[in-house]
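Chains, contacts and geometry: an overview
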Amino acid sequence: QVQLVESGGGLVQPGGSLRLSCTAPRSIFSTNAMGWYRQAPGKQRESVAGVTIGGIINYADSVKGRFTISRDNAKNTVYLQMNSLKPEDTAVYYCYASSSAWPPLWYKFFGQGTQVTVSS
């Protein structure tokens, strides 16, 4: 049963931007850190960004300065603004909820994934 619902993926040219959104039930959103991880074919899963209930934010080194995560507690939604996209950012991006510290050792809940393709 999918409880986290993502949207916003797509095809973009290198240097472009996309914004991902993820909405969760309040019972999950209000009690967990939220974030995004990605999985590309043949590559290890990578936690990209996370934000705690208290608003502490962490990023993978590979996306620092380019991606911005935010959470809207009123809407139970977490966003990932992705700028200056590179072909190596191509992956399926999953929203997650976790009670683990960064980088999360486990994902308590995760969504169905949204494809991000960066290509000219």
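In what follows, the structure referred to is the one given above.
Remember, it's a predicted structure, so these values are computed and weren't measured experimentally.

**Re the overall build of the protein**
Across its full length, the protein holds 1 helix and 11 strands. Sequence-ordered secondary structure for the protein, helices as α and strands as β, is β-β-β-α-β-β-β-β-β-β-β-β. In terms of its C-alpha atoms, the protein occupies a principal-axis envelope of roughly 40 × 25 × 25 Å. Once local pairs closer than 6 in sequence are excluded, the contacts in the protein between residues at least 24 apart make up 56%. With an accessible surface of roughly 6100 Å², the protein has 52% of that area assigned to carbon and sulfur atoms. When the 11 basic and 6 acidic side-chain charges of the protein are each reduced to a single mean position, those positions are 5 Å apart.

**Comments concerning the state of the cysteines**
Put plainly, two cysteines are in a disulfide when a covalent bond ties their sulfur atoms together. By the definition in use, this model includes 1 disulfide. Two residues, Cys22 and Cys95, share a disulfide whose sulfurs are 2.0 Å apart. The sign of the -75 degrees torsion about the S-S bond sets the Cys22-Cys95 disulfide as left-handed. Linking Cys22 in strand S3 (residues 18-23) with Cys95 in strand S9 (residues 91-98), this pair joins segments that are 73 residues apart in sequence. Note on accessibility: Cys22 and Cys95 belong to one class, buried.

**Examining the side chain of Glu6**
Tracing the sequence through the fold places Glu6 in strand S1 (residues 5-7). Of note is the side chain of Glu6, whose polar atom sits 2.8 Å from the backbone nitrogen of Gly113. Contact partners of Glu6, with chain neighbours within four places excluded, come to Ser21, Cys22, Trp36, Tyr93, Tyr94, Cys95, Gly111, Gln112, Gly113 and Thr114.

**A few points about the pairing of strand S4 (residues 33-39)**
Of all the 7 residues making up S4, 6 are buried; the element is thus mostly covered by neighbouring parts of the structure. As paired elements, S4 and S9 share 7 bridges and run antiparallel to each other. Pairing of Gln39 across the sheet is with Val92, part of S9. Where S4 lies against strand S5 (residues 46-51), 5 bridges are found, and the strand directions are antiparallel. By the bridge assignment, Tyr37 is partnered in S5 with Ser47.

Criteria and thresholds
- Residues numbered from 1 in each chain as written.
- Predicted model: local features only at pLDDT ≥ 70, side-chain atom pairs only at ≥ 80, totals over all residues.
- Heavy atoms only, no water.
- Helix = DSSP H or I, 4+ residues; strand = E, 2+ residues; numbered from the N terminus.
- Contact = heavy atoms within 4.5 Å.
- Areas by Shrake-Rupley, 256 points an atom, 1.4 Å probe, with all protein chains shown as cover.
- Lys, Arg positive; Asp, Glu negative; His and termini not counted.
- Charge placed at Lys NZ, Arg CZ, Asp CG, Glu CD.
- Disulfide = S-S within 2.5 Å.
- Buried < 20%, exposed > 50% of the residue type's maximum accessible area, 1.4 Å probe, protein only.
- Polar contact = N/O pair within 3.5 Å; in protein donor to acceptor, adjacent residues only side chain to side chain.
- Pairing = 2+ DSSP bridges.

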